[in-house]
Amino acid sequence: MRIRRCPATVTQPPVLALSIEKVEVSMATESFSFAPKRLLSQNARRLQENRLFICEVQMLGIKRRFFKPAVLLFVGTTIILSVGTAAPARSMHIMEGYLPVGWAIFWWVVFLPCFALGLRSLHRITKENPELKLLLALAGAFTFVLSALKMPSVTGSSSHPTGTGLGAVLFGPMAMSVLGALVLLFQALLLAHGGITTLGANAMSMAVIGPLVGWGTYQLLMQLAKKQKLAIFMAAALADLSTYVVTSLQLALAFPAETGGFLASFIKFAGIFAVTQIPLAVSEGFLTVLVWNWLSAYGRPELEQLKLIKREA
């Protein structure tokens, strides 16, 4: 007869056993309730990290595409500014103090609402498509470089390309009101081209009316002819010419002729400007088409994002 030894059993007091069961149940329910939250937060964090990584990769690609042209623009600007010096008697745009105080204030009042609309437009563009900031800077640099090439034309002003047509086609006329105003401000402060009191008048002609005419020309020709390069050429050329039509109007309003009044003064200013400005406008049109060809080759994703060219299948 074999005697089996039973294993010793540890008995727990009923109160202690009940408390242990409560703790186990509470831990189980807590882990069940908090586990999905932890997983969701981890997934959200990983998704955000992936998005940031993709944005960094895209920005790196954009910077590589635009690095060389930006360097060339910088070098070209340096050469232009080192070779060409500002002449006080024939300062670029309408020079500081040239307009009467009343007309200077008037053009400032007219320009400021356009500037406010431009800020809203830029905020919307950069918020919806932050990767387009580099292209915005390129449009501003193009305007700065071209408008720094001056040819003396009328006492108190000069003829020069404007470079605003390209930016108007890319981002619309309101965005160029800010970029053009910044270009004019830097030229007034750093290069003695234009002035602070006449900044409102210069900005209305070059940063508001010119881009508006260029953008409208581009939209009209794309609807009628559907030839993009022709539309870009005409947009750049007419944006340039319209700038000087407005400048002639501003000077004629401020200085009407003794004989013939405003109309005679306008014809005089516009006729003198036309001698140098028409060839400059044609040249600017061709140059803008060349820059557009370069953008189509190296900045195609940005142009597709702006819906200026069709996406490749």
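Residues numbered from 1 in each chain as written. Predicted model: local features only at pLDDT ≥ 70, side-chain atom pairs only at ≥ 80, totals over all residues. Heavy atoms only, no water.

### Looking at the overall build of the protein
Quick reminder of the rule: By the criteria applied, helices consist of DSSP H or I runs no shorter than four residues and strands consist of E runs no shorter than two, each listed in order from the N terminus. For each residue, the accessible area found with a 1.4 Å probe, counting protein chains only, is set against the maximum for its type, and the residue is called buried under 20%, exposed over 50%, and partly exposed in between. For every accessible area listed, the method is Shrake-Rupley and the probe measures 1.4 Å; residues are considered covered only by the protein chains on display.
For the protein, the helix and strand inventory stands at 9 helices and 2 strands. The buried share among the 313 residues of the protein stands at 40%. Working note: accessible area of the protein is about 18400 Å², and carbon and sulfur atoms make up 70% of it.

### Quick notes on helix α4 (residues 164–171)
In terms of burial, α4 is largely enclosed, as 8 of its 8 residues are buried. Residues of α4 that are buried include every one of T164, G165, L166, G167, A168, V169, L170 and F171, and no others. Downstream of α4 by a residue or two, G172 has a phi angle that is positive, lying close to 95°.

### Details of the packing of α4 against helix α7 (residues 228–254)
Just so we agree on the cut-off: Note on geometry: axes are lines fitted to C-alpha atoms, helical ones only across the stretch in contact, with angles between N-to-C directions running from 0 to 180 degrees. Oblique is the label for any angle not under 35 degrees, not over 145, and not in the 65 to 115 range, which are roughly parallel, roughly antiparallel and roughly perpendicular in turn. Crossing handedness is read from the near helix: turned anticlockwise from the far helix by less than a right angle, it gives a left-handed crossing, and turned clockwise, a right-handed one. A contact between two residues is defined here by any heavy atoms of the two lying within 4.5 Å.
Remark: α4 packs on α7, axes separated minimally by 8 Å, with the N-to-C direction vectors making an angle of 125°. As far as their axial angle goes, α7 and α4 are oblique. In this structure, α4 crosses over α7, and the sense of that crossing is right-handed. Two secondary-structure elements touch here, α4 through T164, G165 and V169 and α7 through A235, A236 and A239.

### A word on a nonpolar patch on the surface
For clarity, the cut-off: In this analysis, a patch consists of residues with relative accessible area above 30% that form no salt bridge, clustered at 9 Å for like charges and at 5 Å for the nonpolar side chains Val, Leu, Ile, Met, Phe, Trp and Tyr. Any carboxyl oxygen of Asp or Glu within 4 Å of a side-chain nitrogen of Lys or Arg constitutes a salt bridge here.
Side chains of L182, F186, L189, L190 and I196 sit close together on the surface and give an oily, nonpolar patch of about 500 Å² of accessible area. By the element assignment, I196 lies in the loop between α5 (173–190) and α6 (199–224). Taking the relative accessible area as the measure of exposure, I196 reaches 39% and is therefore partly exposed.

### Quick look at the environment of N293
Condition: Here a polar contact is recorded for every N or O atom pair within 3.5 Å, except that within protein the pair must consist of a potential hydrogen donor and a potential acceptor, and residues adjacent in sequence are included only if both atoms are side-chain atoms.
Tracing the chain through its elements places N293 in helix α8 (residues 261–298). Residues N293 and K229 lie 64 residues apart in sequence; the distance between their C-alpha atoms is 8.8 Å. Reaching out from N293, the side chain makes a polar contact with the side chain of K229 at a distance of 3.2 Å.

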